[in-house]
Amino acid sequence: MVDKKNQLGARVESSPLYNQDLAPALEERRHWSTYNFAALWVSMSVNILTYMLAASLIQGGMNWKQAVATIFIGNVIVLVPMLLNSHPGAKYGIPFPVLARASFGVLGANVAAVLRALVACGWFGIQAWIGGEAISTLLATLMPNWKNVPHGTAVCFFIFWLINLAVVVKGIEYIRILQGISAPVLLGVGLLLLGWAYTAAGGVGPMLSVPSRFTNFPDFLKFLIPALNGTVGFWATVSLNIPDFTRFARNQREQMIGQALALPATMTLYAFVGIVVTSATVVIYGTAIWDPVQLLSRFHSPIAVVVSLIAILLATLNVNIGANVVSPANDFSNLWPRGISTCFMGIALMPWKLLSNYRTFILGWLGGYAAFLGPVAGIMICDYFVIRRRTLHLDDLYLRNGAYEYSAGFNWRAIVALALGAGVALAGLAISGMHFLYDYSWFVGFAVAFATYYVMMQPERRAADGAPEAA
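What counts and how
Residues numbered from 1 in each chain as written. Predicted model: local features only at pLDDT ≥ 70, side-chain atom pairs only at ≥ 80, totals over all residues. Heavy atoms only, no water. Salt bridge = Lys/Arg side-chain N within 4 Å of Asp/Glu carboxyl O. Buried < 20%, exposed > 50% of the residue type's maximum accessible area, 1.4 Å probe, protein only. Core = buried A, V, L, I, M, F, W, Y, C linked by side-chain atoms within 4.5 Å. Helix = DSSP H or I, 4+ residues; strand = E, 2+ residues; numbered from the N terminus. Contact = heavy atoms within 4.5 Å. Expected span 1.5 Å × (residues − 1). pLDDT = per-residue confidence, 0-100. Phe/Tyr/Trp six-rings, centres within 6.5 Å; stacked < 30°, edge-to-face > 60°.

**Comments concerning the pattern of salt bridges**
Okay, step 1: If you walk through the whole model with that rule in mind, you get 3 salt bridges.
Okay, step 2: A salt bridge links Arg 250 to Glu 254; its shortest N-O distance comes to 3.1 Å.
Okay, step 3: Looking at Arg 250, the relative accessible area reads 44%, which means it is partly exposed.
Okay, step 4: Using a relative accessible area of 13% as the deciding quantity, one classes Glu 254 as buried.
Okay, step 5: The partner of Glu 405 in a salt bridge is Arg 400, and the shortest N-O contact between them spans 2.7 Å.

Laid out in structure tokens, this is it:
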């Protein structure tokens, strides 16, 4: 049930830790139903990066069955921390940066929030680069001489970046308009690509005939582990900031059902499109083409190319604002309002390098940031469910010298657990024979941080056991 005690004391509103963006959602704002959460995941899952994640598994050497299974299992796994972190958002109406104060301290929460926000900025830049690539391909279709323009894709990247900035300035609520149209049109693009692949490859049989390049199980395992880790890492960001959305849930049951039904199913179904089409490109062109924009540029029908690229632009804009601006807008709310900082950080993280090839995308980008976000998830879940047993003092989340003050606003035990969890995962890059630690970066970081935080917080847990029920 939704907590009905989310009215804050009057002194909280004068606190420097309080603003309207971070305030608990009151009853009148809690109208998200099962349908809304299912629609949210359909709109966010049906995007080009889902296609590219799945396609990269084919390019890495998997056959279609192995790739589909990897995507499905990875999304079932990430659904668990997703739902666990959803609970306090729905119960107390608080966003991720405020929830993090319970475990990291009212000031230490900035460490977790900025880490998550920086990753979102990277995703923002990646989506903006894809959108710019789509605009460049669209212009080349309409005006063939555009291909001769120096740095044409970079120019279009900045054009699409400006479009994103304009939507942010107008207000994030504009995302509701895009959510209603982007997923259906991108599903149409997927069907178009499937139809093309069926015709060009000569039927379903040839489309799915590309064998696995792994000749034995140990070789397959070497790719499966980082691929599965990357699949989990794909939504590791939203698994932390999901309270930014569940704070508007009508009740716990509806948000849980909506997410559980839509996330694994939609991700797997749309990933299947990318898997099958990419498998077909091996048959048609002799090599796997994992970028759908590059694939569309080879089509001979200008109408099909133009319509498909416009759909891609709409969907990319939708996901970029919904998944990569909402959270940083909260995380950076004290630094620069309206999420504008996200747009600039997206450029600074050089997305063109992150998308240079599938190995950089999976092993470098997804695996790298998972080493930091896994520990944050482990700490927050341990704190809320094990240490505090789902009970938070709402006023104190917005006040200095309250229950979450710890040491000058920082819970150094959480900082140590985070550093240890990330350090152990990243040690796999430096220690010979221990690379599996990095291959499992999200899982290793989560487990190490969870265990470390649990042990170090035993005095706090005993104090919580003796405290009266607050909710």
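**Some words on the nonpolar core**
Okay, step 1: Among the nonpolar cores identified, the biggest contains 134 residues, and Phe 104, Trp 123 and Trp 235 are the most heavily contacted of them.
Okay, step 2: With 15 residues, the top contributor of residues to this core is helix 18 (residues 358–387).
Okay, step 3: Here Phe 104 is in contact with Ala 109, Ala 112, Val 376, Ile 379, Met 380, Gly 409, Phe 410, Asn 411, Ala 414, Ile 415 and Leu 418, once residues within four sequence places are set aside.

**Some words on helix 5 (residues 109–142)**
Okay, step 1: Between its first and last C-alpha, helix 5 extends 49 Å over 34 residues, near the 50 Å set by a 1.5 Å rise per residue.
Okay, step 2: Burial within helix 5 is extensive, with 26 of its 34 residues counted as buried.

**A closer look at unusual backbone geometry**
Okay, step 1: We note that Arg 390 has phi near 65°; this positive angle belongs to a residue other than glycine.
Okay, step 2: Tracing the backbone through its elements, the reader meets Arg 390 in the loop between helix 18 and helix 19 (412–430).
Okay, step 3: The phi torsion at Tyr 406 lies on the positive side, around 50°, for a residue other than glycine.
Okay, step 4: Following the sequence through the fold, Tyr 406 ends up in the loop between helix 18 and helix 19.
Okay, step 5: Assessed through its relative accessible area of 21%, Tyr 406 is described here as partly exposed.

**Here's the deal with helix 1 (residues 34–45)**
Okay, step 1: Along its 12 residues, helix 1 runs 16 Å from first to last C-alpha, staying within 8% of the 16 Å computed at 1.5 Å per residue.
Okay, step 2: Residues Phe 37, Leu 40, Trp 41, Ser 43, Met 44 and Ser 45 constitute the buried set of helix 1.

**Brief notes about the confidence of the model for the protein chain**
Close reading of the predicted structure is inappropriate where its pLDDT is low.
Okay, step 1: Averaged over all residues, the pLDDT of the protein chain is 83; the fraction at 70 or higher stands at 84%.
Okay, step 2: Of all helices and strands in the protein chain, the one with the weakest mean pLDDT is helix 15 (residues 326–331) (54), whereas helix 21 (residues 441–456) scores best (96).
Okay, step 3: Predicted confidence for residues 334–339 stays below pLDDT 50, and this span has 10 contacts to residues more than four positions away or in other chains.

**Things to note about the packing of aromatic side chains**
Okay, step 1: All told, the structure shown has 21 aromatic pairs when counted by the stated rule.
Okay, step 2: On the basis of an interplanar angle of 75° and a centroid distance of 6.0 Å, the ring pair of Trp 64 and Phe 272 is categorised as edge-to-face. Pair noted here: Trp 64 is in helix 3 (residues 64–92) and Phe 272 is in helix 12 (residues 252–285), with a separation of 208 residues, a long-range link.
Okay, step 3: In this structure Trp 64 comes out as partly exposed when scored by relative accessible area, which is 23%.

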